[in-house]
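What follows is each chain in one-letter form.
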Amino acid sequence: MMRKREGQIGNCGSHSREGKMRVKQTIFISILLLSLALSFNVRPEETPVRIGFLLDTLKLERWQRDVKLVQARAEELGAKITVKSAEGDDDLQLQQANQLLDAGVNVLLVVAHDAEKAGAIVQAAQRKGVPVISYDRLIKNSPVSLYISFDNVQVGKLQASMVLAAAPKGRFFLLEGPPSDNNALQFERGQKLALQEAVDAASITIFEEEWCHQWNRTAAYEATAAALKKSDGKIAAIVAANDELAGGAIQALKDRKLAGRIPVSGQDADLPGVVRIIRGTQTMTVYKPLGPLAKRAVDAAVALAHGSKPATSESIPNGAYTVPAILLQPIAVDQKNLGATVISDGFHTAEEIKKALSPGEWEKFSTRKR
Ligand code: GAL
């Protein structure tokens with residue numbers, strides 16, 4: 001082994017050969033590690049995971065909140081999020097998926113507009129070896145890597161059972177979302193399960209059932225107005241599948257001075273829904289704490305991008321496949337537990353609600369004995 005002489009620079013042959021050899025070795029080892037990582041589709045830890053978040057719509061308060069929560073968790077994990085909303089257009093949603101896949105995202109979070117048509121997004125992602133997470137809504141007949149949502153049949157059960165408790169007799173009007181949304185089908189199934197006994201006992205009848213395109217408030221208003229006309233206002237209860245539809249239905253009840261006299265359900269605990277519950281024109285909403293949903297979805301996305309399988313609590317059949325699933329629990333909310341749920345979680349602050357109410361309404365509500 002040659003000894004180094006003090007102060008001599010760069011003209012010693014053996015030194016440069018050694019140096020070159022070390023450089024070659026380093027390059028070789030990193031190529032080896034990289035190809036190993038790529039062969040297992042594992043991302044080098046240091047490169048930020050890129051997540052594509054495809055939404056059906058951003059018009060509703062609920063989805064705007066999902067985006068904020070998903071972005072916040074991604075930031076915590078050093079992941080990059082790109083958000084795109086298709087505003088109810090299936091072709092556009094597929095286009096947006098292809099754009100993100102071409103741009104090199106590592107995983108897709110998808111809120112499918114159409115449970116079947118979104119299968120094309122999963123196929124496109126599969127061709128690129130990119131995992132897909134079915135966010136909140138199940139994509140049917142496709143090999144998604146994970147389905148994460150709430151127990152949506154339970155959502156429907158909570159809606160119908162609380163309205164039934166308020167109106168145990170008479171004609172029920174069911175106001176559903178679009179059947180293209182797998183959740184809408186599950187909500188309806190839960191509602192009917194909760195009403196079955198009362199139907200069998202002939203204490204209630206399901207007078208009408210309407211499926212509202214795009215979860216549209218105006219469609220809900222028109223369908224309710226038509227049902228009220230047809231029944232000459234003799235409807236005992238309205239089981240509305242979310243707050244947006246409930247808002248439309250309650251507007252139609254208002255037109256006939258029936259608001260607050262006919263129980264109406266909802267979902268999402270959006271601010272207008274909470275205000276109506278405080279005013280007594282809406283009976284309840286289903287609160288779905290979105291923080292845990294968003295957090296677990298992003299954690300799973302990062303895990304999948306690094307090639308590992310996220311821990312799941314169960315698996316769900318989606319037609320052609322059985323997919324890993326995480327289902328969170330929804331919470332029924334009415335005047336009695338609004339404070340202990342939606343407000344104590346900070347989903348809406350008392351300040352925010354107060355601002356949305358007329359002067360004195362909050363004081364009257366918050367001091368009233370329940
Ligand atoms: C459902 C979702 C609900 C509701 C609706 C309208 O799939 O679970 O929270 O908001 O979409 O976008």
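Computed from a predicted structure; not experimentally measured. (Residues numbered from 1 in each chain as written. Predicted model: local features only at pLDDT ≥ 70, side-chain atom pairs only at ≥ 80, totals over all residues. Heavy atoms only, no water.)

Draft legend 1. Molecular detail of the packing of aromatic side chains. Following the criterion strictly, the structure yields four aromatic pairs and no others. Between Y287 and F347, the aromatic rings sit 4.9 Å apart at their centres with planes inclined by 70°, giving edge-to-face as the arrangement. Remark: F347 occurs in the loop between helix 11 (339-343) and helix 12 (350-356) and Y287 occurs in strand 9 (residues 285-287); sequence separation between them is 60 residues. Taken individually, Y287 and F347 each receive the classification buried, so the pair is uniform in this respect. (Phe/Tyr/Trp six-rings, centres within 6.5 Å; stacked < 30°, edge-to-face > 60°. Helix = DSSP H or I, 4+ residues; strand = E, 2+ residues; numbered from the N terminus. Buried < 20%, exposed > 50% of the residue type's maximum accessible area, 1.4 Å probe, protein only.)

Draft legend 2. Quick look at the sheet that holds strand 7 (residues 204-211). Taken together, three strands build an open sheet; the order of strands is 7-6-8 and the sheet is parallel. Looking at strand neighbours, the two that pair on one side only are strand 7 and strand 8 (237-240), the edges of this open sheet. Sheet twist, expressed as the average angle between the axes of neighbouring strands with direction ignored, equals 20°. Two strands pair when backbone bridges link them, and strand 6 (residues 170-176) and strand 7 are joined in this way by seven bridges, in the parallel orientation. Across the sheet, R171 pairs through a bridge with T205, a residue of strand 7. Contacts from helix 6 (residues 182-200) reach strand 6, strand 7 and strand 8, with the element oriented near 170° to strand 7. Packed onto the sheet, helix 8 (residues 243-255) meets strand 6 and strand 8 and runs at close to 155° relative to strand 8. (Pairing = 2+ DSSP bridges. Axes fitted to C-alpha atoms, helices over the stretch in contact; angles between N-to-C directions. Contact = heavy atoms within 4.5 Å.)

None of the figures reported here should be taken as evidence of function without further support.
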